[in-house]
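# Coordinates in review
Chain residues, written in single-letter form:
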Amino acid sequence: MQARKEIRVSGVVQGVGFRPYVFRLATELDLSGTISNTSTGVTIEIQGPTELVDHFVLRLPREAPALARITGVAIREVPCKGDHTFRILASLTGDPVRTWISADIAICEDCLQELFDPADRRYLYPFINCTNCGPRFTIVRDIPYDRCRTSMDRFPMCGACRAEYEDIHNRRFHAQPNACWKCGPQLAWWDRQGHRIATSDPVREATEQLRKGEVVAVKGLGGFHLAADATNPSAVERLRQRKGRGEKPFAVMAADLKATLSLCDVDDDARIVLTSRQRPIVLLPKKKGAMLAEAVAPGQGDLGVLLPYTPLHHVLLAKGQFSALVMTSGNLSEEPIAIDNQEAVARLAGVADFFLVHDRDVLLRCDDSVVRSGRRGLQQLRRSRGYVPAPLELHHTLPAVLAVGGELKNTICLARGNLAFLSQHIGDLENVESFTFFLEAIEHLSSILEIEPKIIAYDLHPDYLSTKWALAQQNVRLVGIQHHHAHIASCMEENGVEGRVIGLALDGAGYGTDGTIWGGEALLADYSGFERAAQLAYVRMPGGSAAIREPWRMALSYLRHNFGAEFLEWEIPFIRRLNRKKAETILQMIDKGVNSPLTSSCGRLFDAVAAVTGLRQEVNYEAQAAMELEMLGRRATHTGAYPFDLRRTSTGWEIGTHALFLAMIEDLAGGEALETISRRFHSGLVAVLARLACFLREESGVNKVCLSGGVFQNTLLLEQLLGDLQAAEFTVFTHRQVPAGDGGLSLGQAVVAGRSVS
Ligand code: ZN
Ligand code: ZN
Ligand code: FE
């Protein structure tokens, strides 16, 4: 009995070696038919004896290539035809698009072998790739994914490359970015004015300059990196100054695992993430005495490390025999990463001494991802290159929604059906460049996904650029979502939680429904709404955003709030070193409420504690004080906890800090070690949150807790709280694949808005 079946496969099945795989499977079983890429994925027609056709259908998803991600298979009988072989047909276009581009993939083992094989025709060719590796998302203009719709369209393949491309048994069969020395993209070496310097070996020039301590801008997969020799203090220092980077740590690219082991402690889990095909930056505990310039990550216990992921990286590190290079985003502080050669010269001329460029365009910027690998597996801090645009599967079907995220660490999210697509890291929307990138990301993602949003979700903060943009859109339904509700919904969705939860949302700032700045909240929430069940007691933020840059202002505010005037006589270093005149002005601002919004932010409490302990009076990047405080706390052995006040008010529970500061001041006056003080603060906060959760459970009967917000990137706090809550028999949900910080906000917005109408 002969049968013919049409099989429509949807998901990530283009550009991942899916068609050759199907070809081989069909040929092995001696079946005839066709396969073609369509806008919905691939369509297969398969014909032969019924039991063999059924066998094919069974094996198809099971043995699919590693990079394929099948989200749907639809099968139907069709009439038999007269074909006797299996053929790959040209792509069909025109249908509505339901397929996805793969993320960019690190160079595979096979290509790496060839790269360093002197006998191979691609020996040291910095753009070697195959069906299993190479650029995808960042070179795609449109779908279906074919060379003519990528930035490889201007490189016609030579005879040898074309033969590989057309040979079904070759690893490069239909590898769209396939190229070689003869036909593909080439490197060039430029000076800081963007003039080409003639050389036969741009990589050698680059390694020589890096060796001398110069800063080289290197064009990569998702944009430019600024590179410097990580072991050379003056090189790193120069890069830091020129980039206007303050003290924010740099990530380093280590030559290989061995080099990483000499810099950091690497456990088995971290090793897997480091060498994964996504190749994110992994935060790892820095080893004492690591051969690394201090200016790479000043005052940090952790180091962000990544391994080479493009052939160019491999060649650069190997030729220069570098153990580690600083590889930081090619931008000035807080601007988006540069992708175009001329743009890079224009923007980075003051930072880089030389430019290592090439002529394969990066069509969409995409920063390196940042993850932490902890006891609970991988935790995303910045989900970007390597992961985007892989979809997240939703637990509920949504109409077409666009969520525009927040202001800092912005991402957007497009959702439809049971899938959500979180964009790459867009950054802080406070300059024109970032805002332009935000618009590009919306445009590009909605076009390659063909999602035309009917609903736009935005944050309630009236001054966010993302909010202003959303409110100006027409013919869509606009849904404003409270910041911390979005955080909790993001955590709920990631974990597939239904019903009501106790949501602990701790972060730096989010616009509250009462017009104040929230950030230390307990919400009783579900997808449809929330009730604010508890908060940190309000204090003033003297000077508004100036209080974020200068934690000493928050310290004054907390002390004034709790102790009136008496604290000014205390014998602790913070008070002794206080500039009395400046302090007087700030205290007046607090007392009169002039330019001093009220806040319940947990981030600001961390700032105040860091300042009172004398650890840090000013910060030059977000969450710096809290990160340093966490690091100190991690070094302490457990030694008790500070008390917090917890009281029931007419509107809900309120966490007060009078007892906390009193106990801390006593320790400070007694000369207690900062490590211990920090640890007692963390433990005290954990204890009061756990106690609060118990009260809320008694009142509401809700036993599920979701933890979200940027403060939960603090692993000391997160792990201790998780342990305590689980010991109290709560079911606790946290973030993993989606950032706990504002990078995960857009997912929560999309889900809340999408569900509100479906
Ligand atoms: Zn490869
Ligand atoms: Zn070629
Ligand atoms: Fe937030």
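Before reading on, note that the structure itself is shown above.
Rules used throughout
- Residues numbered from 1 in each chain as written.
- Chains lettered and ligands numbered in written order.
- Predicted model: local features only at pLDDT ≥ 70, side-chain atom pairs only at ≥ 80, totals over all residues.
- Heavy atoms only, no water.
- Helix = DSSP H or I, 4+ residues; strand = E, 2+ residues; numbered from the N terminus.
- Rg over C-alpha atoms; globule rule 2.2 N^0.38 Å.
- Buried < 20%, exposed > 50% of the residue type's maximum accessible area, 1.4 Å probe, protein only.
- Contact = heavy atoms within 4.5 Å.
- Areas by Shrake-Rupley, 256 points an atom, 1.4 Å probe, with all protein chains shown as cover.
- Lys, Arg positive; Asp, Glu negative; His and termini not counted.
- Charge placed at Lys NZ, Arg CZ, Asp CG, Glu CD.
- Donors = N, O, S within 2.8 Å, 3.2 Å for Na, K, Ca; no water.
- Tetrahedral: all angles 85-135°; square planar, octahedral: opposite > 155°, others 65-115°.
- Pairing = 2+ DSSP bridges.
- Axes fitted to C-alpha atoms, helices over the stretch in contact; angles between N-to-C directions.
- Parallel < 35°, antiparallel > 145°, perpendicular 65-115°, else oblique.
- Left-handed = near helix turned anticlockwise from the far one by under 90°.
- Disulfide = S-S within 2.5 Å.
- Arc of directions from axis to C-beta.
- Salt bridge = Lys/Arg side-chain N within 4 Å of Asp/Glu carboxyl O.
- Core = buried A, V, L, I, M, F, W, Y, C linked by side-chain atoms within 4.5 Å.
- 1 Å grid on protein atoms, 1.4 Å probe; cavity = no way out; pocket = protein on both sides within 12 Å on 5 of 7 lines; lining within 4 Å.
- Points joined across faces, edges and corners; volume = space filled by probe spheres on them.
- Nonpolar A, V, L, I, M, F, W, Y, C, P; charged D, E, K, R; others polar.

A separate point is the overall build of the chain. Tallying secondary structure elements over the chain gives 23 helices and 28 strands in all. In terms of overall dimensions, the chain is globule-like: its C-alpha atoms have a radius of gyration of 28 Å, near the 27 Å expected for 758 residues. With respect to the three principal axes, the spread of C-alpha positions in the chain is 95 × 60 × 50 Å. Here the chain, with 758 residues, has 62% of them falling under the buried criterion. Taking as baseline every contact in the chain between residues at least 6 positions apart, the subset at least 24 positions apart corresponds to 71%. Total accessible area on the chain is roughly 28100 Å²; 51% of this is exposed by carbon and sulfur atoms. The positive charge centre, built from 82 side chains, and the negative charge centre, built from 88, are 2 Å apart in the chain.

Moving on, we get to the coordination of the zinc ion (ligand 1). Geometrically, a metal with four donors at the corners of a regular tetrahedron has ideal angles of 109.5 degrees, and one with six donors at the corners of a regular octahedron has ideal angles of 90 or 180 degrees. In this structure, Cys-108 (SG), Cys-111 (SG), Cys-130 (SG) and Cys-133 (SG) serve as the protein donors to the zinc ion (ligand 1), at separations of 2.3 to 2.4 Å. Coordination geometry of the zinc ion (ligand 1): the 4 donor atoms subtend angles of 104 to 119° at the metal centre, consistent with an arrangement described as tetrahedral. In the primary sequence, the donor residues of the zinc ion (ligand 1) line up as C-x2-C-x18-C-x2-C. Of this pair, Cys-108 sits in the loop between β5 (86-88) and α3 (109-115) while Cys-133 sits in the loop between α3 and α4 (159-166); the two residues are 25 residues apart in sequence, bridging distant segments of the chain. For Cys-133, a relative accessible area of 1% corresponds to the buried category.

This part takes up the sheet that holds strand β7 (residues 216-219). One open sheet holds the 10 strands; their spatial order is β6-β13-β7-β8-β12-β9-β11-β10-β14-β15, and the pairing between them is mixed. Two strands close off the open sheet at either side, each with one partner strand: β6 (187-191) and β15 (377-382). Mean inter-strand twist for the sheet, computed between neighbouring axes without regard to direction, equals 35°. Pairing of β7 with strand β8 (residues 224-229) involves 4 bridges; the strand directions are antiparallel. Across the sheet, Val-216 pairs through a bridge with Ala-227, a residue of β8.

This paragraph deals with the packing of helix α21 (residues 674-700) against helix α22 (residues 715-727). Between α21 and α22, the least distance of the axes is 9 Å, while the angle of their chain directions is 40°. For the element pair α21 / α22, the angle class is oblique. The way α21 lies across α22 gives a crossing that is right-handed. Between α21, through Arg-679, His-682, Ser-683, Leu-685, Val-686, Leu-689, Ala-690 and Ala-693, and α22, the contact on the second element is made entirely by Leu-716, Leu-717, Gln-720, Leu-721, Asp-724 and Leu-725.

Let us look at the state of the cysteines. On inspection of all chains with the given rule, the structure shows 0 disulfides. The thiol of Cys-366 is unpaired, and the distance to the nearest cysteine sulfur, on Cys-413, comes to 15 Å.

To continue, consider helix α9 (residues 311-320). Taking burial as the measure, the 10 residues of α9 include 8 buried ones, the bulk of the element. By the burial criterion, the buried members of α9 are Pro-311, Leu-312, His-313, His-314, Val-315, Leu-316, Leu-317 and Gly-320. Looking one or two residues beyond α9, the residue adopting positive phi is Gln-321, at roughly 50°.

This brings us to the coordination of the iron ion (ligand 3). Taken together, His-483 (NE2), His-487 (NE2), Asp-507 (OD) and Asp-742 (OD) make up the protein donors of the iron ion (ligand 3), found 2.1 to 2.3 Å from the metal. One can describe the site at the iron ion (ligand 3) as irregular: its 4 donor atoms subtend angles covering 85 to 170° at the metal.

Of all the residues in helix α6 (residues 233-243), the buried ones are Ala-235, Val-236, Leu-239, Arg-240 and Lys-243. An end-on view of α6 places all buried positions within 135° of arc, on one side of the element. Residues Pro-233 and Gln-241 are exposed on α6 and point more than 90 degrees away from its buried face. Its buried side turned inward, α6 meets β8 and β12 (324-329). Remark: Gly-244 follows α6 within two positions and exhibits a positive phi of approximately 65°.

Considering all chains together, one arrives at 51 salt bridges under this definition. A salt bridge links Arg-576 to Glu-571; the shortest N-O distance between them is 3.2 Å. A single burial state applies to Arg-576 and to Glu-571, both of which are exposed. It is possible to trace a salt-bridge network through shared partners that takes in Asp-110, Glu-114, Arg-121, Arg-122, Glu-164, Arg-171 and Arg-172.

Glancing now at the nonpolar core. Grouped together as the largest cluster of nonpolar side chains are 97 residues, with contacts concentrated most on Phe-18, Val-22, Ile-44, Ile-46, Phe-56, Leu-60 and Leu-356. Examining the composition of this core, we find that 7 residues originate from one element, helix α11 (residues 432-449), more than from any other. One finds Ile-575, Leu-685, Leu-692 and Phe-730 within the second-largest nonpolar core, a separate group that totals 72 residues.

Bringing empty space enclosed by the protein into the picture now. Applying the stated criterion to the full structure yields 5 cavities of 30 Å³ or more. Considering only enclosed or pocket space, the largest cavity measures out at about 120 Å³ in volume. Along the wall of the largest cavity there are 16 residues; nearest its centre are Pro-126, Leu-221, Thr-310, Pro-311 and Arg-360. Of the residues belonging to the lining of the largest cavity, the class tally is 9 nonpolar, 5 polar and 2 charged.

These figures come from the coordinates and say nothing about function on their own.
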